[in-house]
Amino acid sequence: MTTLPAPPLAAVAQQLTGGGRGILAADESITTMSARLEQAGVPASATARRDYRALLLTADGLADRVSGIILCDETFGQDLADGRPFPVAARDLDLLPGIKVDTGTTALPGQAGALVTEGLDGLGARLASYAERGAAFAKWRAVFDVRTITPYAAHANGHALARYAALCQEHGIVPIVEPEVLCTGEHDLAASAQATRLALRSLFAALDAAGVDLTGIVLKPNFVTPGLDAAPAPADEVVVATFEVLRDTVPAAVPGIAFLSGGQPTEQVCDYLRALHARGDRPWSVTFSFGRALVSAALHTWAGAPATVADAQRVLLANCRSAADATR
Ligand code: 13P
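Before going into details, it helps to say that this report is about the structure given with it.

Rules used throughout
Residues numbered from 1 in each chain as written. Predicted model: local features only at pLDDT ≥ 70, side-chain atom pairs only at ≥ 80, totals over all residues. Heavy atoms only, no water. Near = heavy atom within 4 Å. Polar contact = N/O pair within 3.5 Å; in protein donor to acceptor, adjacent residues only side chain to side chain. Areas by Shrake-Rupley, 256 points an atom, 1.4 Å probe, with all protein chains shown as cover. Pairing = 2+ DSSP bridges. Helix = DSSP H or I, 4+ residues; strand = E, 2+ residues; numbered from the N terminus. Contact = heavy atoms within 4.5 Å. Axes fitted to C-alpha atoms, helices over the stretch in contact; angles between N-to-C directions. Parallel < 35°, antiparallel > 145°, perpendicular 65-115°, else oblique. Left-handed = near helix turned anticlockwise from the far one by under 90°.

**So, the site of the ligand**
Piece 1. Looking at the ligand, there are 13 residues lining it, with Lys-139, Lys-220, Ser-261, Gly-262 and Arg-292 nearest.
Piece 2. Arg-141 has a polar side-chain atom sitting 3.4 Å from an oxygen atom of the ligand.
Piece 3. Ser-261 is positioned such that a nitrogen or oxygen atom in its side chain is 2.5 Å from an oxygen atom of the ligand.
Piece 4. Look at the ligand: alone it shows 300 Å² of surface, and the protein chains cover 92% of it.

**Notes on the sheet that holds strand S1 (residues 22-25)**
Piece 1. With parallel pairing, eight strands are arranged side by side in an open sheet as S1-S2-S3-S6-S7-S8-S9-S10. On the outer flanks of this sheet lie S1 and strand S10 (285-288), each paired with one strand and no other.
Piece 2. Relative to S10, strand S9 (residues 256-259) is paired through four bridges, and the arrangement is parallel. What sits directly across from Ala-258, in S10, is Thr-287.
Piece 3. This element, helix H1 (residues 9-17), spans S1, strand S2 (66-71), strand S3 (96-100), strand S6 (137-144), strand S7 (174-181), strand S8 (218-219), S9 and S10 of the sheet and lies at about 50 degrees to S7.

**Thoughts on the packing of helix H6 (residues 123-132) against helix H7 (residues 151-170)**
Piece 1. Put simply, H6 and H7 touch, their axes get as near as 10 Å, and they point 40 degrees apart. When the axes of H6 and H7 are compared, the pair comes out oblique. In the packing of H6 onto H7, the handedness of the crossing is right-handed. Seen from H6, the contacting residues are Leu-123, Gly-124 and Leu-127; seen from H7, they are Tyr-164, Leu-167 and Cys-168.

Below, the structure written as C-alpha cells:
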C-alpha cells in the first residue's frame, strides 16, 4: 500500500478556515466535560463522554458545515461503537481530526493571578504519536483575564504558544494558536480591546522569534466584547473593535482566523462573524471554532437518552449551519 504524502501545512490551514466551513471544538478536558454532562443530568463516565462525542461526530452532514473537529486525548484514543478510532472515523466523514495538546494553566509566580499554560515537556513525542494516529492539527489555549493580564504574562504565554507551534510544524501538524481573553467579568469594550491587543502583539512577536511559518497556522482569538456582566455593546461596535485589533496585530500571511465563542449566545457570535466576514478589507479568512455556541443545546437535548440522539444531532447541525452560513 502506498501512503500519500501529507498535504502542506498551508493547504491544511486553508482547508480548516476557508470554503464556508469552520471548526467544531469538542475538546473539553475530562473535568470540564464531566461537569457539563452532570449539569445536563448525565452521570459522567468515560463511556458517557465517548457517546456524547460520537453523537457530535456522526451527525449526518456535519462535514458540509465543519472542516475539522478538535478532540481531547481521551476521545482521540477512544473507538466508536463500530470499532473505528475517533480520528479514523473523522477522516472517513471528511472531517480533519485535531487534538488539544496543552495540559492546562497554572499561576505565574509574582504576577498577581495571571496564568500560564503548560504542556511543553514531552510534547514532541506526543505530537509524533498523534501525527501517526492521524492528527491534522492541534490546539493550545492560553487564557487571559483583563484584570490580571500583564506584559510579562502575555510574553510568557506567547513564548509557550510559539514553542508549541514550532514543534507542531516540525511534526507536520497545523497549530491552532489560541490566546483567549476571557469575556467573563464586568469590563468594558475598551478593556477587552486593550488586553486582546497586548496578547496578540506578544504572540506574533514570539511566533516570529521562533521562526514559525505563519502560512501554516490558524489563529483562534476571542471577539472583542464587554464582559458578560457589563452593559452589552452594540454589535457594530464589537465588530469594529474586533476588526481593528486584528488588523493592527495579525500579519496578512496568516491564512485564517477561527473565533472561539466564549460562552456567548449562538445567534450573537454568528452575527459578529457574519459582519466580520462581510468586511472586504481583511487579508485572512474568518470562520468559527466554536465550542459551547454549537454544542450546549445539543448536549441538553440529548441528556444521555439513546432516543434523543437524532434530535440532539439536529440541534447541533442547525447551529453549525448558522455559523457556516455566516461565513458564506
Ligand atoms: P467556546 O466556543 O465554548 O468558548 O470554546 C472554544 C474553545 O475551544 C475554547 O478553547
